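# Structural features, examined
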Amino acid sequence: GDIIEFYKITRQVDTGTAIRELAKKYNISYTPKSQTNAFDAIAHQLHLWLQEDGPQEALGGLTPLEYQLQKRHHTMEGLQEFQVGWIGTHKMLPFLEASGIDPVENGFTRGGKPAEIWPSNVFIYPHIHQGHVVYFTVKDPLKQREYNMLRAHHKNPNVHFYNQRERTVNTVWVVEGENDAISLWEAGVREPIWATNGQLSKVQLKTLSQIPDVRTIFDNDSAGRNYQNLVRGTHYTFPQDFTGKDIDDFLKAGGKLEDLQTQKKKRTHALPIEEEDGGYVRLKASKDGVERIRISELTLPLVLRIRGRPSAYVGLRL
């Protein structure tokens with residue numbers, strides 16, 4: 001193959017990402033031959049507004065770029081790699097009209113009519129799959145509002161995580177939020193990094209169960225610890241004296257990946273059943289963590305006799 005194919009394989013990225021990174025690295029002028037996805041054009045404009053907008057009252061007088069670099073402590077390389085965007089006080093409908101993009105077809109509607117679906121002054125995170133943007137999630141720096149694209153307009157039903165750029169991988173790191181994924185990439189991780197977006201659904205669990213090497217860094221709370229019970233793989237946990245929330249906080253505070261503790265779990269069931277207080281509970285993934293549903297108030301010992309071998313018994317607990 002050629003240098004692009006070599007770069008794709010060694011960095012585990014898609015073709016579009018390989019071309020963009022090589023062009024940037026060697027200062028080669030590069031313009032895509034065609035814009036095949038309206039979401040790509042939208043993400044590109046949002047990323048320009050992130051870089052070009054001036055000081056914002058909503059950001060304490062910082063520009064959107066200064067907020068990401070100084071407040072969130074991201075790098076310019078990370079913001080470009082993940083194409084982080086900003087809506088500010090801009091309106092999308094005029095941009096869509098000028099670009100020849102149908103707002104109804106692309107989900108910018110309310111009641112079936114073209115509408116501004118995103119609130120002002122929020123950061124927007126494109127979901128990139130196989131070189132194209134397929135979805136957007138929104139983060140309010142003031143944590144007052146949240147609004148994403150309608151699920152009906154998610155362009156690829158096989159994408160269940162933020163930053164799930166490829167459907168099939170052999171190794172994946174799993175975190176909870178968008179900023180966690182960006183910070184982990186900025187810390188030097190080049191294997192695929194997927195974010196659950198604050199949930200761990202049955203579909204996500206099924207996807208992870210098919211990957212040979214899963215490495216998780218869930219949040220430093222009870223929900224994060226419960227998530228570990230649902231996923232088979234290597235789980236990275238924080239030192240006991242760490243009081244922050246997640247890997248983003250840990251790395252921003254000067255922590256290193258090698259400071260994390262690891263433990264392997266061999267869970268193979270998507271929703272395991274555990275023995276607890278003399279009975280059984282079923283673990284159920286939910287938006288707020290993991291529910292523990294009581295299904296039995298007792299345990300029963302069972303002895304099986306193997307046919308043909310009167311002296312052979314197997315003891316089980318049901």
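Here is a short report on the structure shown in this document. Predicted, not measured: the structure shown is a model, and the values here were computed from it.

### Here's the deal with the sheet that holds strand S1 (residues 85-86)
Ordered by their spatial adjacency, 3 strands build an open sheet running S1-S4-S5, and the pairing between neighbours is antiparallel. Here the strands that pair on one side only, and so sit at the sheet edges, are S1 and strand S5 (132-139). Across the sheet, helix H3 (residues 38-52) lies against S1, strand S4 (123-129) and S5, angled at about 45 degrees from S5, the strand it touches most.

### Overview of the pairing of strand S6 (residues 171-175)
For S6, the buried fraction is high: 5 of the 5 residues fall into the buried class. Burial along S6 is two-sided: Thr-171, Trp-173 and Val-175 facing one way and Val-172 and Val-174 facing the other are all buried. Inspection of the sheet shows S6 paired to strand S8 (residues 213-216) by 4 bridges, in the parallel sense. For Val-174, the partnering residue across the bridge sits in S8 and is Thr-216. Since S6 and strand S7 (residues 193-195) lie parallel, the crossover through helix H7 (residues 178-186) that links them has a hand, and here it is right-handed.

### Overview of the nonpolar core
Counting residues in hydrophobic clusters, the biggest one holds 52 residues, and the most contacted among them are Ile-42, Leu-46, Met-92, Trp-118, Phe-136, Ile-217 and Ile-247. Of the residues forming this core, the biggest block, 7 residues, is contributed by H3. Judged by nonpolar contacts, the second largest core, of 15 residues, contains Leu-205, Ile-211, Phe-218 and Leu-230.

Criteria and cut-off values
Residues numbered from 1 in each chain as written. Predicted model: local features only at pLDDT ≥ 70, side-chain atom pairs only at ≥ 80, totals over all residues. Heavy atoms only, no water. Pairing = 2+ DSSP bridges. Helix = DSSP H or I, 4+ residues; strand = E, 2+ residues; numbered from the N terminus. Contact = heavy atoms within 4.5 Å. Axes fitted to C-alpha atoms, helices over the stretch in contact; angles between N-to-C directions. Buried < 20%, exposed > 50% of the residue type's maximum accessible area, 1.4 Å probe, protein only. Right-handed = clockwise from strand over helix to strand, strands pointing away. Core = buried A, V, L, I, M, F, W, Y, C linked by side-chain atoms within 4.5 Å.

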